[in-house]
Amino acid sequence: MTTDEPNADAPEGVRLQKVLSAAGVASRRVVENYIVEGRIEVNGRVVTELGTRIDPATDHVSVDGVAVQLDTAKRYYMLNKPRGVVSSMRDEQGRPDLTRFTSDLDERVYNVGRLDAETSGLLILTNDGELAHVLAHPSFGVSKTYIAKVKGRVTPQVIQQLKNGIDLDDGPIAADKARILQQQADERHTMVELTLHSGRNRIVRRMMDAVGHPVVDLVRRSFGPLNLGTLRSGHLRPLTPAELGQLLTITRAPDAERERNDT
């Protein structure tokens, strides 16, 4: 990303209103109003000159503080991955994989991070490698929320233990948030909601094992600003412009905190 301030008099580049119109933000006339009103930033600087030109390949643009994807070839989808499907575009063992959901797409996409085969829920698919890197890399700490059906009666003391932190083989871990959603009348199972920003393998299952409540069923309900909502299991949909804007804003803030201090 360039850090130079956009130059309205520069002959190179493309006019800002043309780029944003092509990106589906609004008509050129409306975008011109946005520019005059100071609602648009290029590389973190407010621009108010109608003649501003940018390079769509390197410049980052936001409208009202929400990032805009200028590359119309980029694609972003949300999948509600069912249980029994591995998070891979090609499984060498011949198990059900993600291609059954992407075979009808016009472009090749890849999953952002993984859910183990027995965990269902929200998975992001995209051909945007930069965004995928930021969202999947553990150092960037994007939060995820899970709902777990676990064995036994979970007490408030156990919830506090999860929030205070527990020691696992690969180091300590603490939930950002944890709460009991529902206790079954026979006390055989409890529904628990956990939010954490760790990307460690099978982390929720290992945490619940450590406190004596093995997971029976696990669903990821949210990933960063995205929420599964009413998307049915096995269904795929494009992200809405608002959802995409929220994701891009996170990954560019600023430039994902300078690559999280160079990782």
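That block above? That's the structure.
Residues numbered from 1 in each chain as written. Predicted model: local features only at pLDDT ≥ 70, side-chain atom pairs only at ≥ 80, totals over all residues. Heavy atoms only, no water.

A. Fine view of unusual backbone geometry. Of note in this structure, Asn 43 is not a glycine but carries a positive phi near 55 degrees. Positioned with a positive phi, Glu 187 is a non-glycine residue whose angle comes to about 65 degrees. With respect to the secondary-structure elements, Glu 187 resides in the loop between strand 13 (177–183) and strand 14 (189–196). Using a relative accessible area of 45% as the deciding quantity, one classes Glu 187 as partly exposed. (Helix = DSSP H or I, 4+ residues; strand = E, 2+ residues; numbered from the N terminus. Buried < 20%, exposed > 50% of the residue type's maximum accessible area, 1.4 Å probe, protein only.)

B. Molecular detail of the pairing of strand 9 (residues 119–126). Burial within strand 9 is extensive, with 8 of its 8 residues counted as buried. Where strand 8 (residues 110–112) and strand 9 come together, 3 bridges link them in antiparallel fashion. Paired with Val 112 across the bridge in strand 9 is Ile 124. Following strand 8, the chain reverses through 6 residues before pairing antiparallel with strand 9; Gly 113 in that reversal takes a positive phi of roughly 70 degrees. Sheet topology note: the strand 9/strand 15 (residues 215–223) ladder contains 3 bridges and is parallel. If you follow Ser 120 over to strand 15, its bridge partner there is Val 219. (Pairing = 2+ DSSP bridges.)

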